[in-house]
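# Chain and residue survey
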Amino acid sequence: MAKKITTKDLIENSLSEFQLFSNMLSKTVHDINNPLAVLIGQLSIVEILKEQDKLTPEKMDKILEKINSSTITFKERLDHLRSFYKIPLNDKDFQTINQVCYSVIYYLDKLAFQNDINISLNVDEELKTEVPSDKLFIVLKSLVQNSIETLINTSKQGGSVYIIVENIENGIKLSVEDTGPGLVCELDMAKDLGYTTMPHPHKGHGLSIASSILEEYSSKLQYSREERTKFWMILPNSK
């Protein structure tokens, strides 16, 4: 049964967002700690081998190989985090749809992983739109999160979410598709902020938020259901 959203529910929704942010940060710390531990460990081995006069060129080559691999991983994790916070802050150097997509996946990766849900990205090229990165982040995050939550509540075996970006004649087509069952009502009703079919009261804001932002930029949230559930929009190209 549909539930009407109250002020209390909106507060709970904000707490849910804080939980997602906390999950992302905890995953980041874990991902950074692993290569850092390898780096520290290998440097300790070098000191021990030097003290024992056993640091041969062969052993040094193996140690350097591990250090190099861990350094690359460490840098990648830091780059992911750096890109993430620059997107919501609307940094002018981080405005491509590519970057926004990666940041959304980074933000929701732990939630998806915990529920055996795969998120895939297919982007034509590094495209730019008039929609600022912070607002596009909210739109895309709302749609992907909506897909993940739908899969969690309707599937026992995970599922898949697909983000597809295409350069077309009249703009940029951005689609979010999933293997869930689709809407149980008309899209206009689903976009109503006071309507949700999710079992938890703080669910149900994503489509309304995404739709409102898109209307600011003469775009429109659209829906279709064929082999997969599909929400899509035509974004204006950056001038």
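Structural notes, computed from the coordinates.

The rules behind these values
- Each residue is numbered by its place in its chain's sequence as written, counting from 1.
- At least 70 in pLDDT is required for a residue's local features to be given in this predicted model, at least 80 for side-chain atom pairs to be given and counted, and no such filter applies to totals for whole chains, interfaces and linings, which use all residues.
- Just so you know, side-chain values use all the structure's heavy atoms and leave hydrogens and water out.
- By the convention used here, strands pair only if DSSP detects at least 2 bridges between them.
- In this description a helix means any DSSP run of H or I spanning at least four residues, a strand means any run of E spanning at least two, and both kinds are numbered starting from the N terminus.
- Axes, fitted as lines to C-alpha atoms, cover a helix only where it is in contact. Angles between the N-to-C directions of the axes lie from 0 to 180 degrees.
- Contacts are assigned to residue pairs with any non-hydrogen atoms lying within 4.5 Å of each other.
- We count a salt bridge whenever a side-chain nitrogen from Lys or Arg sits within 4 Å of a carboxyl oxygen from Asp or Glu.
- Here the term buried applies to any residue with accessible area under 20% of the maximum for its type, exposed to any over 50%, and partly exposed to those in between, with areas from a 1.4 Å probe on protein chains only.
- Aromatic contacts are taken between Phe, Tyr and Trp rings whose centres are within 6.5 Å, Trp giving its six-membered ring; a plane angle under 30 degrees counts as stacked, one over 60 as edge-to-face, and the others as tilted.
- In this tally, Lys and Arg are treated as positive and Asp and Glu as negative; His is ignored, and so are the chain termini.
- Under this scheme an angle from 65 to 115 degrees is roughly perpendicular, one under 35 degrees roughly parallel, and one over 145 degrees roughly antiparallel; angles in between are oblique.
- In these notes, a set of buried Ala, Val, Leu, Ile, Met, Phe, Trp, Tyr and Cys residues joined through side-chain atoms within 4.5 Å is what counts as a nonpolar core.
- Helix crossings are classified by the rotation of the near helix relative to the far one: an anticlockwise turn of less than a right angle makes the crossing left-handed, while a clockwise turn makes it right-handed.

Here we have 5 strands laid out as an open sheet, ordered E1-E2-E3-E5-E4, and mixed in their pairing. Either end of the sheet is taken by a strand with one partner, and the two such strands are strand E1 (117–123) and strand E4 (222–225). On average, each strand axis in the sheet is inclined to that of its neighbour by 15°, with strand direction left out of account. Packing of helix H3 (residues 97–114) onto the sheet brings it into contact with E1, strand E2 (159–168), strand E3 (171–178) and strand E5 (229–235), and relative to E1 it is tilted by some 175°.

A separate point is the pattern of salt bridges. This structure, assessed with the given rule, holds 8 salt bridges. The partner of Glu 216 in a salt bridge is Lys 135, and the shortest N-O contact between them spans 2.8 Å. Within this pair, whereas Glu 216 is found in helix H6 (residues 206–216), its partner Lys 135 is found in helix H4 (residues 133–154), the two being separated by 81 residues in sequence. Of the residues examined, Lys 135 reaches a relative accessible area of 26% and is grouped as partly exposed. The network of salt bridges with common partners includes Lys 27, Asp 31, Glu 76, Arg 77 and Asp 109.

So, about the packing of aromatic side chains. Evaluation of the coordinates by the stated rule reveals 5 aromatic pairs. Between Phe 84 and Tyr 107, the ring centres sit 5.6 Å apart and the planes meet at 10°, which makes this aromatic pair stacked. Taken together, the positions of Phe 84 in helix H2 (residues 57–86) and Tyr 107 in helix H3 put the pair 23 residues apart, joining distant regions of the chain. We classify Tyr 107 as buried; its relative accessible area is 7%.

This paragraph deals with the side chain of Lys 230. Residue placement: Lys 230 occurs in strand E5. We note that Lys 230 is buried and unpaired, the nearest opposite charge coming from Glu 177 at a distance of 4.1 Å. Once residues within four sequence positions are removed from consideration, Lys 230 is found in contact with Lys 173, Ser 175, Val 176, Glu 177, Gln 222, Tyr 223 and Ser 224.

Turning next to the packing of H2 against H3. At a closest axis distance of 9 Å, the pairing of H2 and H3 adopts a crossing angle of 110°. Accordingly, the angle class assigned to the pair H2 and H3 is roughly perpendicular. Facing Arg 77, His 80, Leu 81, Ser 83 and Phe 84 of H2, the residues of H3 in contact are Ser 103, Tyr 106 and Tyr 107.

Another point: the nonpolar core. Of all hydrophobic cores here, the largest spans 43 residues; its most connected members are Leu 140, Leu 143, Val 144, Ile 148 and Leu 235. Going through the elements one at a time, helix H1 (7–51), H3, E1, H4, E2, E3, H6 and E5 are the ones with two or more residues in this core. For this core, the element with the most residues is H3, which contributes 10 residues. Those residues in contact with Leu 143 that sit more than four places away from it in its chain are Val 176, Leu 207, Ala 210, Leu 221, Phe 231 and Met 233. Leu 39, Val 46, Ile 63 and Ile 67 belong to the second-largest nonpolar core, a separate cluster that totals 5 residues.

Where H4 contacts H6, the axes come no closer than 8 Å and their chain directions differ by 150°. When the axes of H4 and H6 are compared, the pair comes out roughly antiparallel. The crossing of H4 and H6 is left-handed. The residues of H6 that touch H4, namely those facing Lys 135, Ile 138, Val 139, Ser 142, Leu 143 and Asn 146, are Gly 206, Leu 207, Ile 209, Ala 210, Ile 213, Leu 214 and Glu 216.

Taken by themselves, the reported measurements are silent on function.
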